[in-house]
Each structure stands twice: as C-alpha cells, then as structure tokens.
Amino acid sequence: MQRHRIIALFSVVILTCCLPVALAATINLPKTGQTTCYGAGGNIISCANTGQDGDKQAGVPWPNPRFTDNNNGTVTDNLTGLIWLKNAHCCDFVGFSGTGLVWTDALNVANGLASGNCGLTDGSQAGDWRLPNVNELESLLDIKNYSPALPTGHPFTGVQLSLYWSSTTYPRIYALLVDLDKGSISIAYNSDRYYYGWPVRDVQIGSLAPSIISFTPTSGRTGTSVTITGTNFTGATAVSFGITAAQSLTVNSATQITAVLGTGTTGTISVTTPGGTATSSGTFTYTNATPKTTYDFIWSGTGGSTSIWTLNSSNIPTTGCIIYGPYAGWTPVSYSYNQSDGTRTLLWAGTGGSASIWNLNSSNIMTTFTMYGPFSGWTPVNYSYHPSDGTKTLLWAGTGGSASIWTLSSSNIPITGYTIYGPYAGWTPVSYSYNPSDGTRTL
C-alpha cells in the first residue's frame, strides 16, 4: 500500500487566519456553495440564526451557468474567467502512467501542455498552460459537495477523488494541495509521487463569458426600462428581447445593465459582450399588440355626430364606417390608438367644459366611457398614451391662452395633480404627444 506522507491538514479558515490582514477596501469574495448547516454531533439542522456559512451564504453569487464547455478540450469558469483543461486526469502524453506525479513533474506537465494533447483543439502552445496556485484550485470547490467537492453538474471529466498539486510552495520542501474528494487543503513533501496535476490557463482579456442572473420587470411595452443583473457585462454591445434588439442599453457596472425596450418580441433576454452571449433562463413578455396595418380617422358631424373610417395603406376604406350620435352639445375632438393592447380612444368635448373619454375595441365599438366636468372656461382638446408605463394624458385648453395637463391611470383616473401653463394671450394649446424613444413629451 502506498504511504502518503501528508504533514498537516488545514481548513480554509485556518490558512486565512495565518495571513497578515490589512484593513482596506471590501473584497468581494465568491460564495463557498455551502447551503447546509450541522449540529455539534454532525446532524443536519435548520440554518436559521446559526451564523454558519449555510445560514449567511455570504459572498458574490455564482454565475449561471457556472462553467462553459468550449468544445475544444477546455472549460471556462465564468466566476473567475480561468480556463481549465476539461480532462482533470491527463498526464500520459509526457510519458507518465497516470498514477500520480511529484510536484516538479506536475509543474513541467502543465507547462508543456499544448493543443493536440489531452483532447485539446484550442490552438494553445507549450507555455500557455500552468499549474494553478492554491487559491485558483480552491476556487473550483463547492463546499456542500464531496466525492467530488465540485459544483453539481460540472462539465469536467477524469476528476480524481484525491489530492491535486498547486504551484504554491510552503517553506523549504513542501507544497500545498487541494483534496477534490473532501474539499480540504493539505501540505505534503514536494517529492511525494501520489498526487495529480490539473493545468489551467490565465484569464483571457475580454474572454469572461457573461451570465444573466435576473431581470426586472418581467414584462413591458415599447419604451419600458429593464434592469438586467448578472456578471461580466463590461463592454456589452447588444441586448435583445426575444429576437429583437433593445432600443438602447446602458452598462451601469460589470453586474448591471439597463436596457430600453423597442418593438420587442416575447422570449428570452440575451446580452452580448466580447466574452460571448448570455441568455436568460426566464422569459420576458412583450405586451405591445401587433402593429397596425390599417389607419383610422374621424369625421365630425353637425349636432354632435361622428363617423369613424378604417383605411388600408392605400387609404381605401376596408370596412363600413361606424357612426355615433347625434349627441347634442358634444363634439368629437380626437381619436387615438393604444399600441400596447390594440384598443382605441375617442375624446368628446361637451359644452360648458365637459370631457367624455370613450374606450373602443379593435372594431371601434364603444365598451366603456369616463366623464369629467363641467369645468367652466376649459375645453378638452387632446388625449394620448404613454406606452412605457401605461398612463395617459388629457390636455385641456383654457380661455385666455391657458393649458392644463392631466396624467391618467390605465383606467383613465387622474393619478397626479394637474399642471397648468399660462395664460398666454393669443395662444391656444392644440396637442400633446409622447416620444417612446426617450420618454420626452411635446406640447
């Protein structure tokens, strides 16, 4: 039986406590992966208020997916950006039997690795690979797992339930190792021949694959701002909702993007960076209706009547006209289309300063109505939609050149105090519009 001369076994905490500590800026360390808590006797207990790692789960969340199989014999860790050899047990190409290496051989094997060996087709050359230091090797661990102590669903092959050499030395003739069976750190003589090597490549600038962790809101219409949270967003060049590109995007940080929805489609969200493209696990729902291919206009008749005509792109009536009225004392003043749900709105102005808002369906049939007034000296002149948040605006014209702007809810109920401008002698407000591309309004 082989005699393993392991000098000492340390936990991660002990190693850390033995190092000098400098009080500086906060370091964002990743989570350990531990989600379970244990009692003094080793039994599983509730984590609530224990203060254990499984209770606090402190640290930077892991990206999803954690690893990317590059299909060339390498795997990228999306948490650290390090590129690992997919086969964690491949030493035969330099003449070793695969039963373990002394430390110096492990260094040489890693340094000599190149494309064409161990299933590599990545174009790498000797010198591109190296033996990882102890922190890099430890970064692969998922502390809640064992045999192996790696994240569930990892793509690696050939992982040995044993100790792996790191390039980190301990004074004189020792080196540090990581146990991929139990997830512990050990020290051994560098001349021991019972351990393994797992080569790694340095972080490639611009190669950190992005990941999407969450986004909010999960649905919206044209003009909606969506906050996307994830990792490695630096240098992002594109965001798409379904198969449609976002209207605009702002990279707030490496972990957050704000994207404005254009004429989107329902589907997953994707973020493209120099390191690749990430796709959300959840679906974003685009709530805008199918764009209209017809056009409507209204006629104003004597005695308070109106006629609504629907025309095609050649301005030819496509259906019979819809006539409402006569309604004595009322005049139709505006007709608008809501692209978020396909409904229409007809605004009537009544004598004495009254307004009636009719909600019409896609066939221009009135379904509900809301009335305001009378407000002496005021006349409703315009009604418009804000697709970014579902609100509406009702514009009133006052005598002497005044304007009053009301913001209404999706049910046409005033939700804020109104805004009044004027009076400006000789002037009359006639329309109010909303620009979905940047959220500005025009009076």
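Residues numbered from 1 in each chain as written. Predicted model: local features only at pLDDT ≥ 70, side-chain atom pairs only at ≥ 80, totals over all residues. Heavy atoms only, no water.

Colleague: What exactly am I supposed to notice about the sheet that holds strand 18 (residues 256-260) here?
Modeller: Backbone-to-backbone hydrogen bonds join strands into a sheet, with any given pair of strands oriented parallel or antiparallel. Strand order in the open sheet made by the four strands is 12-14-18-17, with antiparallel pairing throughout. Both outer strands of the open sheet, strand 12 (211-216) and strand 17 (248-253), are each paired with one neighbouring strand and no more. Across the sheet, the mean angle from the axis of one strand to that of its neighbour is 25°, orientation sign disregarded. Alignment of strand 17 against strand 18, held across five bridges, turns out to be antiparallel. Paired with T250 across the strands is T258, a residue of strand 18. (Pairing = 2+ DSSP bridges. Helix = DSSP H or I, 4+ residues; strand = E, 2+ residues; numbered from the N terminus. Axes fitted to C-alpha atoms, helices over the stretch in contact; angles between N-to-C directions.)

Colleague: Explanation requested: the state of the cysteines in the structure shown.
Modeller: The bond known as a disulfide is covalent and runs between the sulfur atoms of two cysteines. Applying the stated rule across the entire model yields two disulfides. The side chain of C37 participates in a disulfide bridge whose partner is C47; the two sulfur atoms lie 2.1 Å from each other. Looking along the S-S bond of the C37-C47 disulfide, the torsion reads about 115°, which is the right-handed sense. Taken together, the positions of C37 in strand 2 (residues 37-38) and C47 in the loop between strand 3 (44-45) and helix 2 (53-56) put the pair 10 residues apart, joining distant regions of the chain. Note on C37: relative accessible area 1%, which makes it buried. For C47, a relative accessible area of 15% puts it in the buried group. The residue that forms a disulfide with C90 is C118, at a sulfur-sulfur distance of 1.9 Å. Where C90 bonds to C118 through sulfur, the torsion about that S-S bond is close to -95°, and the disulfide is left-handed. Within this pair, whereas C90 is found in the loop between strand 6 (83-85) and helix 3 (103-112), its partner C118 is found in the loop between helix 3 and strand 7 (129-130), the two being separated by 28 residues in sequence. On the basis of relative accessible area, C118 is assigned to the buried category, the value being 16%. (Disulfide = S-S within 2.5 Å. Buried < 20%, exposed > 50% of the residue type's maximum accessible area, 1.4 Å probe, protein only.)

Colleague: Mind showing me how you'd approach the side chain of R66 here?
Modeller: With respect to the helices and strands, R66 occurs in the loop between helix 2 and strand 4 (67-69). When its relative accessible area of 7% is taken as the criterion, R66 is described as buried. Of the polar contacts made by the side chain of R66, one reaches the side chain of D77; its length is 2.7 Å. Setting aside residues up to four positions removed in sequence, R66 forms contacts with T76, D77, N78, L79, S139, L140 and P151. (Polar contact = N/O pair within 3.5 Å; in protein donor to acceptor, adjacent residues only side chain to side chain. Contact = heavy atoms within 4.5 Å.)

Colleague: I keep staring at the pattern of salt bridges and nothing clicks. Help me out?
Modeller: Pairing is possible between side chains of opposite charge, provided their charged atoms come close. If you walk through the whole model with that rule in mind, you get eight salt bridges. Salt-bridge contacts for D122 lead to R201; the nearest nitrogen and oxygen are separated by 3.3 Å. Here D122 is found in the loop between helix 3 and strand 7, whereas its partner R201 is found in strand 11 (residues 200-201), with 79 residues between them in sequence. Between E136 and R130 there is a salt bridge, and its shortest N-O distance comes to 2.7 Å. Among the charged side chains, a network of salt bridges with common partners joins D122, D128 and R201. (Salt bridge = Lys/Arg side-chain N within 4 Å of Asp/Glu carboxyl O.)

Colleague: What is the right way to read the packing of aromatic side chains from this model?
Modeller: Aromatic ring pairs are described here by two measures, namely the spacing of the ring centres and the angle between the planes. If you walk through the whole model with that rule in mind, you get nine aromatic pairs. Note on F156 and W198: the rings are 4.9 Å apart at their centroids and 90° apart in plane angle, and the pair reads as edge-to-face. Pair noted here: F156 is in the loop between helix 4 (134-138) and strand 8 (163-170) and W198 is in the loop between strand 10 (185-189) and strand 11, with a separation of 42 residues, a long-range link. When sorted by exposure, F156 lands in the same class as W198, which is buried. An aromatic cluster is defined as three or more aromatic residues linked by ring pairs; in this entry it consists of F67, W84, F156, Y164, Y196 and W198. Positioned over the ring face of W62 is R66, at 4.6 Å from the centre of the ring. One cation-aromatic arrangement involves R201 over W129; the distance from NZ or CZ to the ring centre is 5.8 Å. (Phe/Tyr/Trp six-rings, centres within 6.5 Å; stacked < 30°, edge-to-face > 60°. Lys NZ or Arg CZ within 6 Å of the ring centre and 35° of its normal.)

Colleague: Just to check I follow, could you spell out the nonpolar core for this structure?
Modeller: Here is a general trend for soluble globular proteins: nonpolar side chains tend to be buried in one another's company. Within the largest apolar cluster, 29 residues are counted, with the highest numbers of intra-cluster contacts made by W84, L85, L140, F156, L180 and W198. Taken together, the elements giving at least two residues each to this core come down to strand 6, helix 4, strand 9 (174-179) and strand 10. Per-element tally for this core: the top contributor is strand 6, with three residues. Leave out the neighbours within four places in its chain, and L180 touches L141, S147, P148, A149, L150, V159, Q160, L161, S162, Y164 and W198. Of all hydrophobic cores here, the second largest spans 17 residues; its members include I212, A246, A259 and F284. (Core = buried A, V, L, I, M, F, W, Y, C linked by side-chain atoms within 4.5 Å.)

Colleague: Help me understand the pairing of strand 9, please; the structure alone is not making it clear to me.
Modeller: Among the six residues that make up strand 9, five are buried, leaving the element largely enclosed by the rest of the structure. In this sheet, strand 9 lies alongside strand 8 in antiparallel orientation, the contact comprising five bridges. Each bridged residue has a counterpart across the sheet, and for Y170 the counterpart in strand 9 is Y174. Pairing geometry for strand 9 and strand 10, over five bridges, is antiparallel. Directly across from L177, in strand 10, lies its bridge partner S186. The turn joining strand 9 and strand 10, which pair antiparallel and follow one another in sequence, is formed by five residues; a positive phi near 85° is taken by G183.

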